[in-house]
Amino acid sequence: MSYAIIGFGNIGRALAQAFSRKGIEVSVATTRDPESFAADAAAIGPKVVAKTLAEAVKADLIFLAVRFEAHPDVAKALPTWQGKTIIDVTNAYGVPPEQLAKQPSSRAVAQVFSGTTLVKGFNHLGAAVLAQDPALQGGRRVVFLASDDDAAADKVGELAEHLGFAPIKLGGLSEGGLLVQARGKSWGHLIFKDLVKFDG
Ligand SMILES: NC(=O)c1ccc[n+]([C@@H]2O[C@H](COP(=O)([O-])OP(=O)(O)OC[C@H]3O[C@@H](n4cnc5c(N)ncnc54)[C@H](OP(=O)(O)O)[C@@H]3O)[C@@H](O)[C@H]2O)c1
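Conventions we followed
- Residues numbered from 1 in each chain as written.
- Predicted model: local features only at pLDDT ≥ 70, side-chain atom pairs only at ≥ 80, totals over all residues.
- Heavy atoms only, no water.
- Near = heavy atom within 4 Å.
- Polar contact = N/O pair within 3.5 Å; in protein donor to acceptor, adjacent residues only side chain to side chain.
- Areas by Shrake-Rupley, 256 points an atom, 1.4 Å probe, with all protein chains shown as cover.
- Helix = DSSP H or I, 4+ residues; strand = E, 2+ residues; numbered from the N terminus.
- Nonpolar A, V, L, I, M, F, W, Y, C, P; charged D, E, K, R; others polar.
- Salt bridge = Lys/Arg side-chain N within 4 Å of Asp/Glu carboxyl O.
- Buried < 20%, exposed > 50% of the residue type's maximum accessible area, 1.4 Å probe, protein only.

A few words now on the site of the ligand. Taken together, the neighbourhood of the ligand is formed by 23 residues, with Ile11, Thr31, Arg32, Val66 and Ala127 sitting nearest. Between the ligand and threonine 31 there is a distance of 2.4 Å, counted from an oxygen atom to a side-chain nitrogen or oxygen. Arginine 67 places a polar side-chain atom, nitrogen or oxygen, 3.0 Å from an oxygen atom of the ligand. When isolated, the ligand has an accessible area of 890 Å², and the protein chains bury 78% of it. Looking at the shell around the ligand, the elements that each hand over two or more residues are α1 (10–21) and α4 (71–75). Split by residue class, the shell around the ligand holds 11 nonpolar, nine polar and three charged.

This is how it looks when you write it as structure tokens:
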């Protein structure tokens, strides 16, 4: 399984830190020449590798960590996203519901990335919190996952476990997934709730 993060801003870097902490290789890409941020990537860890967008999208699991408005540009990187799983970390706060045809923002994203399976996740925490070690107080920081494809949510859940988080599946994008969707001037009820799960 190979991994990439598209976007190397606040969230892209926070996710890259999570991969680096566990020694799991991940590609990072932006619109820029990878040489321009290779040193920043390497400063996070030796397994964080700056690539072109075209190279990065060869990965199996791809975190979409760009501003919501930029997702159609990223989608142009491949003619089809069949066989790829996208983890949608975008928050569509401020985007009018009419622009999303009144559907959850992640479903609008899934339609643009034709053929993909999409999991909404890792988006409910601020970047500074997401960047921290998820092992805390004897438990693990929770990340929420929502998808219309249960097998894809399981696959991303496995990765979340490897990264040290406690994944909680919320069901489909229009069901529990609405708890972690932002649109218009509203935030889903679970957004910004920094929760820790204690196993035992
Ligand atoms: N910040 C938070 O605390 C937070 C929390 C939860 C969720 N989110 C969501 O996460 C997403 C990213 O937020 P952020 O704060 O990390 O934004 P950011 O700091 O502005 O970073 C955005 C990144 O996307 C890259 N980018 C823009 N257009 C691109 C394209 N067409 N192809 C590839 N890369 C592109 C930018 O690089 P270049 O412009 O240099 O190419 C930049 O590295 C947003 O949707 C936001 O709503 C943010």
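Here the structure, examined in full by the defined rule, presents 11 salt bridges. Between glutamate 55 and lysine 58 there is a salt bridge whose closest N-O contact spans 2.8 Å. On the accessibility criterion, glutamate 55 (38% relative accessible area) is partly exposed. The exposure class of lysine 58 is exposed, given its relative accessible area of 54%. Arginine 107 is the partner of aspartate 148 in a salt bridge, and the nearest nitrogen-oxygen pair spans 2.8 Å. Here aspartate 148 is found in the loop between β9 (139–146) and α7 (150–162), whereas its partner arginine 107 is found in helix α5 (residues 105–112), with 41 residues between them in sequence. Through salt bridges that share partners, Arg140, Glu161, Lys197 and Asp199 make up one connected network.

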